[in-house]
Amino acid sequence: MKHMTFKKKTLAASMSMLLGGVLVSTANAQEEAVTTQDDVEVIQVKGIRGSLVRAMDIKRSGQGVVDAISAEEMGKFPDTNIAESLQRIPGVTISRKNGEGSQITVRGFGPDFNLVTLNGRQMPGTGNNRSYDLENLSSDGVSALELYKTGRADVPSGGLGATVNIITAKPLNSPGLKYVVSGKGIYDESNVEGSDITPEISALYSNTFADNTFGVAISLSMQERNFQQQSANVPGWQADQSLGSTTDFIDLRPDATSLEEDTLDGSLEDGKAGHTYLPRQISYNINNVERTRVNGMATLQYAPRDDMTFTLDYVYSEAETATSGKGFGIWFNFGGNINSYELDERGSAISLTESSNDFAHSANVETLLVESDSIGFNFEWQATDDFHVEFDYHDSKTTTDNGADDGTHHSGNVILGPNNIVSKTYDFSGGGIPQFDITWPDGADEADPADFDPLFAQFGRAEGESTIEQIQLDTEWVNPNDSFLTKVQFGLANTDQYFGGYSANNGNVGPNGYNGNQAIFPDSMFTRTDTGDFLDEFSNGGNDLVTNYYYTFDYAEVIARMQDYFGFSIDPLNPDFGTMTTADLTEETQSAYLAADMYFEIADMPIDVNIGVRYEKTDVTSLVLQDSVEDYLVWTNPTEWQMRYRASDGGTVTYTGEHDVILPNLDIKLEVTDDIVARFSASKTITRAPLGNLIGARSLSGSPKPGGRTGSSGNTNLLPFESTNLDVSFEYYYDEGSYTSIGYFRKDVKNFIQNTFTTITVDGLRDPYIGPRAIQAEADLVAAGIQATDGAIWQQIIDNGGGIDDDCCETQIVRQSDDDPLVEWLVSQPSNGEKKMVDGIEFAIQHLFGESGFGAGFNMTLVDGDVNYDTENFSVQSPLNGLSDSANVQIFYEKDGLSAKLTYAWRDSYLIGIGQDQGTAEAPPQFFKEYEQYDLSINYDVNDNLTVFFEGLNLTNETEEGYGRYEEQFLFARQYGTRYNFGARYSF
């Protein structure tokens, strides 16, 4: 935190809060009453009311647009999750993961655009992005959150949307002995396999010694949570695929009846009817999750003199998420496989029936471990009455590992099932959950376990590391004289960021399709299971599903049997496992800033002005080492393709980039009256490109099915997003703890990152799907009067002698040959592009109803701009992910030891991102449907030290839904369940 001082003027002296040291002291103070030297009793208000009053005072006294959330008291943050607390701030919405808040969107700008700092220090993100995952940090030990919506020269860059500063407890700011012990039981009604009630415990200790010159603060917490995620999924929609030659169809597109036929590539003759969209597959999935989170914070402070403070702190977090999943579904090949279809007015398939293929069943395991730690040293020195110096250093690291299970060392998935389907149907005519139906040979009603064969298994592991080493020097001079210039700040910083790791994958291993290997699986290995209450929050879920059964099996047993039969490695640590790519990225930023505060009056109205400028220069270096390269393609079975690899020639490839920016800011605060504050802010802010986009490596799909021959490449020379910001707001503080505010903001952002698509060929990679063997096989089938499905063509190539024995599994495959044409790959690369604008209105009101104990708060944000995704446009687009309107309501009662709070959060539909896992190459969108959630908390003080509490999260068991270009293009539906916490807290 930067050190701030009082300005020497009468009106400002009446304000109760300032940023920095005064803020932290007030936010952490737990004393109910203290006596000043004049024996005037000062009441420190605790609880919900006290938290709201302190947050309001921070907002009122801050420069620029600042919002805050303060702990109700030591060890008691307003929400169970930091992200869920932040969504109570106007303009802030959250994205959820595993049913709880994870990352924030501010004013329409998603997680990648918001910087999270810890005590003013930039923290490393998780995965390929720069955003710190807030669900991995417990709210215990956090005393306050500050959210800066406007740019400031003395705040680290990166928060184009906002900068969030997490403030932890510091013992010298709240002298004396204090401790809190809390324990709760967590009951998640979705849980099936784990313990029904899991623990969360925490302990906080703070004390000062030697006449308050030495202080210690320690915070420890541990949480276990078991739950189940149920979902229906369509991983992607394919545009303009061949509809085959069937005459059994309904096509409601305008002028569709005027078309004589579809061309072979799926595009429509003269384009009158528009595009067509078909689902690539549909699956139902159940994931059982066990999650453990451990946090620890320790702070040591030493103040040998009143003007000098040394602080050493350490923060550690560990989150381990073990997932065991199962799923079942069907796959579509299009073209000659299609028997019938129905398209709506915009070309989306409402129903689709195809012949052949499988009733796939999957099992998957993954243990994701995320560890973060940060050690920091801070020295504050009031060198003179007017000059303040602060030196800060920290070294922080986040590591991720998705193969953290000590037994398997991998993230794995296996698919098996019967491959004797006569036909299968996708049906979304009733809305809700898409249905699928299957026709079996000889009129059978269901699948037979005796027909289950293995398709393939996939194993991989990815370990990543992100580190930040940062040195900051901040100085502040306060003018001792009453004059126009009141304060000057100057600072320097050097930030070294590293991002790297490796990924290992062995592709599709085991058999090359359903080739009569069912002998390795006894029927007793499979258990038939009814869908029961699966997705029963949806109107046509549960036993109302058309296919309302599936088979379960033990993942470990299946892998052991396949490994014994086919022989392959499942351990990524084994040198013979498969392919491995290693990439490292370093980013060094040097910065300097200069800022000044000024004060004057116009017509007896005090005006505060802050003006500043920040300069930053960044150098980027990317190192890529790939131990294997693409060798050839294999059409392994009717539905699966594999890329085969060979050892590379070795060597590391280096990519470099650089950029510099100048970031000015101007903040003006006008105190119109004692109760009304007007603000104007203008600034320039940046967000650097996602770390994963800066890595220069090129990769091609390892499962190159037709329609999925894609690749990607990084770009080390990407420039930051750069935004010119304008804010105007008015705030009316009409009573203690009560206020209303309204503000307008506008952001003009340039250098938006968009994906540029290029069609390339790679020497040596050829396509048997359109080669002479495939052409001959299709002609033979037509001559014999057989439907030319993909499976039939593949088999005919084999029957014509066009297959070869696969060394892996002693089965026939179709390998590329020299007379096949080269494969065309659609490779995307990020590049800087358009300039976009976002603007919006924020409104908030907070009201405390006198001494009744009741209070309420409401805020709403309306955002708009030219950053939306155009669903009718197939060209490259660079929309803004996460843009949406939002609103929050909280109602509470707090009196006589009882407090109760009901909160409501609403977020309108928004763009998750572009590109679908199995969508076509035009990068179709993913949208999240409108979402709302109700939460409740009740606390009762048994006595001055003991509090019992109850919390209910997602009381109405809301579900999550997503869609593609249109709502008819279903992508996912997820169901979690309501969660209840109950426990007690003892404090002293």
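Cut-offs applied
Residues numbered from 1 in each chain as written. Predicted model: local features only at pLDDT ≥ 70, side-chain atom pairs only at ≥ 80, totals over all residues. Heavy atoms only, no water. Helix = DSSP H or I, 4+ residues; strand = E, 2+ residues; numbered from the N terminus. Rg over C-alpha atoms; globule rule 2.2 N^0.38 Å. Buried < 20%, exposed > 50% of the residue type's maximum accessible area, 1.4 Å probe, protein only. Contact = heavy atoms within 4.5 Å. Areas by Shrake-Rupley, 256 points an atom, 1.4 Å probe, with all protein chains shown as cover. Lys, Arg positive; Asp, Glu negative; His and termini not counted. Charge placed at Lys NZ, Arg CZ, Asp CG, Glu CD. Core = buried A, V, L, I, M, F, W, Y, C linked by side-chain atoms within 4.5 Å. pLDDT = per-residue confidence, 0-100. Salt bridge = Lys/Arg side-chain N within 4 Å of Asp/Glu carboxyl O. Pairing = 2+ DSSP bridges. Patch = residues over 30% accessible without salt bridge, like charges linked within 9 Å, V, L, I, M, F, W, Y side chains within 5 Å. Axes fitted to C-alpha atoms, helices over the stretch in contact; angles between N-to-C directions.

Helix and strand counts for the protein chain stand at eight helices and 53 strands. Computed over its C-alpha atoms, the radius of gyration of the protein chain comes to 31 Å, within 12% of the 30 Å expected for a compact globule of 988 residues. Projected onto its principal axes, the C-alpha positions of the protein chain cover 105 × 60 × 55 Å. Counting the 988 residues in the protein chain, one finds 58% classified as buried. Pairs at least 24 apart in sequence give 74% of the contacts found in the protein chain among residues at least 6 apart. With an accessible surface of roughly 38,400 Å², the protein chain has 52% of that area assigned to carbon and sulfur atoms. Averaged over its 63 positive side-chain charges, the protein chain has a centre that lies 7 Å from the centre of its 149 negative ones.

Membership of the largest hydrophobic core comes to 66 residues, with the highest contact counts inside it found for Tyr-284, Phe-359, Val-414, Tyr-426, Phe-459 and Met-562. In terms of residues, this core owes the most to one element, helix α5 (residues 555-566), which gives five residues.

Any residue range with low pLDDT should be treated as having predicted coordinates unsuitable for detailed reading. This prediction gives the protein chain a mean pLDDT of 87; 92% of its residues lie at or above 70. A low-confidence stretch, residues 1-43 (pLDDT under 50), is modelled with 99 contacts involving residues beyond four sequence positions or located in other chains. Every residue in residues 258-272 scores below 50 in pLDDT, and together they form 25 contacts with partners more than four places removed in sequence or on other chains.

It is worth spelling out the pattern of salt bridges at this point. This structure, assessed with the given rule, holds 44 salt bridges. The shortest N-O distance in the salt bridge between Lys-59 and Asp-67 comes to 3.1 Å. What makes Lys-59 buried here is its relative accessible area of 8%. Judged by relative accessible area, which is 5%, Asp-67 ranks as buried. The closest approach of N and O atoms between Arg-461 and Asp-401, which form a salt bridge, is 2.6 Å. Placement of Arg-461 in strand β25 (residues 452-478) and of Asp-401 in strand β21 (residues 387-401) is noted, with a sequence separation of 60 residues between them.

With that settled, consider the pairing of strand β38 (residues 738-750). The pairing of strand β37 (residues 721-735) with β38 spans twelve bridges and is classified as antiparallel. Bridge pairing in β38 links Glu-722 to Lys-750. From the end of β37 to the start of β38, which pair antiparallel, there are two residues, and Gly-737 there has a positive phi angle of about 75°. Across eleven bridges, β38 lies against strand β43 (residues 836-848) in antiparallel orientation. Directly across from Gly-743, in β43, lies its bridge partner Glu-842.

Looking now at a negative patch on the surface. Taken together, Glu-189, Asp-533, Asp-536 and Glu-537 make up a surface patch of like negative charges. Inspection of the secondary structure puts Glu-537 in the loop between β27 (527-530) and β28 (549-552). Relative accessible area serves as the criterion here: at 40%, Glu-537 is assigned to the partly exposed category.

A few words on the sheet that holds strand β24 (residues 435-439). As summarised here, the arrangement of the five strands in space is β14-β18-β19-β23-β24, forming an open sheet in which the pairing is mixed. Of all strands in the sheet, those with a lone pairing partner are β14 (249-251) and β24, marking the two edges. The sheet shows a mean angle of 10° between the axes of neighbouring strands, direction not considered. Inspection of the sheet shows strand β19 (residues 349-355) paired to strand β23 (residues 423-427) by five bridges, in the antiparallel sense. The residue bridging Ser-355 from the neighbouring strand is Ser-423, located in β23.

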